[in-house]
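Coordinates in review
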Amino acid sequence: LAHKGVIVRGGDALERMARVNHVLLDKTGTLTSGRPTVGEVVLGKQRRMDSALKLMMGLEARSSHPYALAVMDHCEEQGIQPAAIKGLTDIDAGVQGVHGSANVAFIRPDKAAGMGVEVEAALVAAFDAAKQLGHGASLLVKDGIGIALVTFIHDDTRDGSGALIASLSERSVNVEILSGDHQSAVSEFARSVGLPESAAHGGLSPEDKVKWVKARSSSHVTMMVGDGFNDAAALAVADVGVAVGTGESVNLEAADILIPGDDPRMLTEMIDLARQAQRTLMQNLFFSVAITEIGRAHV
């Protein structure tokens, strides 16, 4: 594994990996390139495009989430400067802050109703259309009212993602996708890589992912694979946590294994190597005991 650039934290991680029978995969950045692009920006009635983009840019200025990076790229291409946002904080549905005297937020549209946000019909229709196409979306909110919707065309599937799913199935390893993206987008992606919709779980917060991994770990030997900052807690509670790509420092602390690069098929190679190492260990133990017993018989 070291020859392939893989960092493994101790032999116990390899031993657990040899017994893995359930893999939970984060979608964005693991099975996909992690870089969606902005599809369209739909404005509410009497709203200005430049003002909306400035607010979005200000809200997402500190985030490394793929949607945030897409928004920043789009705004920079338009020559937009970010609005000054105070009290910028992460929330379960996105991010919020204060602009002037107004409370502003950039959230998941499906969380709007639960947060008491009013969303006009045109924005609801745009969100429904995005879901039908398997696109993501974020809603810009000002003082409890949705003022603009941004849709995201999802990133390209990494080469080897479909082969990874097939190879894990051949090794009797169950696979599920966990993602914070909308369920329709995750379901569409799952079908594209050969997984049933029942194995695709979208709309999950970091805390939801932790609960999901814990539940699966109660009856399986689990491997959680992710690259995003928000996956750190889920990596830590899995039997084996694998960080893919460059990996933020929090992931390196939480993960047992770091895989550099962008080829997801390395996961299958890791499992094969771990199982091979386990077989070699058992064979060595068997021969050691056998030789000892033979020696005793001749004494």
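This report concerns the structure included in the present document. The structure presented is a predicted model; accordingly, all values stated were derived computationally and were not measured. (Residues numbered from 1 in each chain as written. Predicted model: local features only at pLDDT ≥ 70, side-chain atom pairs only at ≥ 80, totals over all residues. Heavy atoms only, no water.)

1. What to know about the packing of helix H5 (residues 161–170) against helix H10 (residues 266–297)
Between H5 and H10, the least distance of the axes is 9 Å, while the angle of their chain directions is 25°. Put simply, H5 runs roughly parallel to H10. Judged by residue contacts, Leu164, Ser167 and Leu168 of H5 engage Leu267, Thr268 and Ile271 from H10. The residue makeup of the contact of H5 with H10, split by class, is 4 nonpolar, 2 polar and no charged. (Axes fitted to C-alpha atoms, helices over the stretch in contact; angles between N-to-C directions. Helix = DSSP H or I, 4+ residues; strand = E, 2+ residues; numbered from the N terminus. Parallel < 35°, antiparallel > 145°, perpendicular 65-115°, else oblique. Contact = heavy atoms within 4.5 Å. Nonpolar A, V, L, I, M, F, W, Y, C, P; charged D, E, K, R; others polar.)

2. Details of the sheet that holds strand E3 (residues 37–43)
Taken in spatial order, the 6 strands make up an open sheet running E3-E8-E7-E6-E5-E4, and their pairing is antiparallel. A single partner strand is all that each edge strand has here, and the edge strands are E3 and strand E4 (86–91). Along the sheet, successive strands turn relative to each other by an average axial angle of 15°, direction set aside. Pairing analysis gives 5 bridges linking E3 to strand E8 (residues 145–153), with the strands arranged antiparallel. Its bridge partner lying in E8, Leu43 is registered against Ala148. Across the face of the sheet, helix H2 (residues 49–60) comes into contact with E3, E4, strand E5 (94–99), strand E6 (102–107), strand E7 (136–142) and E8 while running at roughly 75° to E6. (Pairing = 2+ DSSP bridges.)

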